[in-house]
Amino acid sequence: MPDSKPAGSPRRSDATRTAILDAARERFAADGYERATIRAIARDANIDPSMVMRYYGSKEGLFAAAVAVDLKLPDLTALPREEVGRALVTHFLDMWEENEVLTALLRVGVTNQAGAERMQGIFRDQFLPVARTVCPDPEQVPARAALCSTQLLGLALTRYVLRFPPVVTLPRQEVLAWLAPTVQRYLTAPHP
């Protein structure tokens, strides 16, 4: 018997998954990982909680799917080497200011092991290869990428999550002026 759905129309399960993920992102951002519940997420998505479990298996599985983040890192090989620090800090400022999922993930990552592991995975899988393209010593890539992460995540934590007034009010150009040389040094300077 032929399928009665027109070609190209979305399946109901796709719409359900989308509704679940949208509700989960909002709930994790608003409540944090610990306080967000499957029941609340299901209620927000107007579905039965069993459907959340059917599609994602667990709260951890749902969280991992809901916070799939593509950092969309720039191609540093296309830039002069002395500009990579500024390019990365600019990129991350844009990401933090435009991507509430990334902020939610950071918020969860500081209080929950699953969130911390998710953030570690994102930076390992996406940032490490970018650092590898500019680091002068391949053996130092993990340490240098980790040092860059301390600056980028520290800025995000204090500016967008904890909202320290001096960091929040610091103009973007000043943030770049202070942070870009540090990130640049971590990536490209000779080993101390």
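Calculation notes
Residues numbered from 1 in each chain as written. Predicted model: local features only at pLDDT ≥ 70, side-chain atom pairs only at ≥ 80, totals over all residues. Heavy atoms only, no water. Helix = DSSP H or I, 4+ residues; strand = E, 2+ residues; numbered from the N terminus. Buried < 20%, exposed > 50% of the residue type's maximum accessible area, 1.4 Å probe, protein only. Contact = heavy atoms within 4.5 Å. Areas by Shrake-Rupley, 256 points an atom, 1.4 Å probe, with all protein chains shown as cover. Disulfide = S-S within 2.5 Å. Core = buried A, V, L, I, M, F, W, Y, C linked by side-chain atoms within 4.5 Å. Expected span 1.5 Å × (residues − 1).

Asker: Could you clarify how one ought to interpret the overall build of the chain in this entry?
Answerer: Broken down by element type, the chain carries 10 helices and 0 strands. Starting at the N terminus, the α and β elements of the chain follow one another as α-α-α-α-α-α-α-α-α-α. Seen through its C-alpha atoms, the chain measures out along the principal axes to roughly 65 × 45 × 30 Å. The proportion of buried residues among the 192 residues of the chain is 43%. The contacts of the chain with a sequence gap of at least 6 include a subset with a gap of at least 24, amounting to 68%. Entry remark: accessible area of the chain is about 10,800 Å², with carbon and sulfur atoms responsible for 55%.

Asker: Looking at this structure, I do not really get the state of the cysteines. What am I missing?
Answerer: Here a disulfide denotes a covalent bond joining the sulfur atom of one cysteine to the sulfur atom of another. With the rule as written, the count across this model stands at 0 disulfides. The thiol of cysteine 135 is not disulfide-bonded; the next cysteine sulfur, from cysteine 148, is found 9.0 Å away.

Asker: Sorry, what's going on with the nonpolar core here?
Answerer: In a soluble, globular protein the nonpolar side chains are often hidden away together inside. Phe28, Leu62, Phe92, Trp96 and Phe127 are the most contacted members of the largest nonpolar core, which has 60 residues in total. If you tally residues by element for this core, the top one is helix 8 (residues 141-161), at 9 residues. Setting aside residues up to four positions removed in sequence, phenylalanine 92 forms contacts with Leu71, Leu73, Phe123, Phe127 and Leu152.

Asker: I would appreciate a short explanation of helix 8 in the present structure.
Answerer: Side chains of residues three or four places apart in an α-helix project in the same direction, reflecting 3.6 residues per turn. The end-to-end C-alpha separation of helix 8 is 28 Å, in line with the 30 Å expected for 21 residues at 1.5 Å each. Arginine 163 sits one or two positions beyond helix 8 and adopts a positive phi of about 55°.

Asker: Explanation requested: the environment of arginine 39 in the structure shown.
Answerer: Counting through the fold element by element, arginine 39 comes out in helix 2 (residues 38-45). Given a relative accessible area of 63%, arginine 39 falls into the exposed group. Arginine 39 sits 13 residues away from valine 52 along the chain, and the two C-alpha atoms are 8.8 Å apart.

Distances and angles like these do not, on their own, reveal function.
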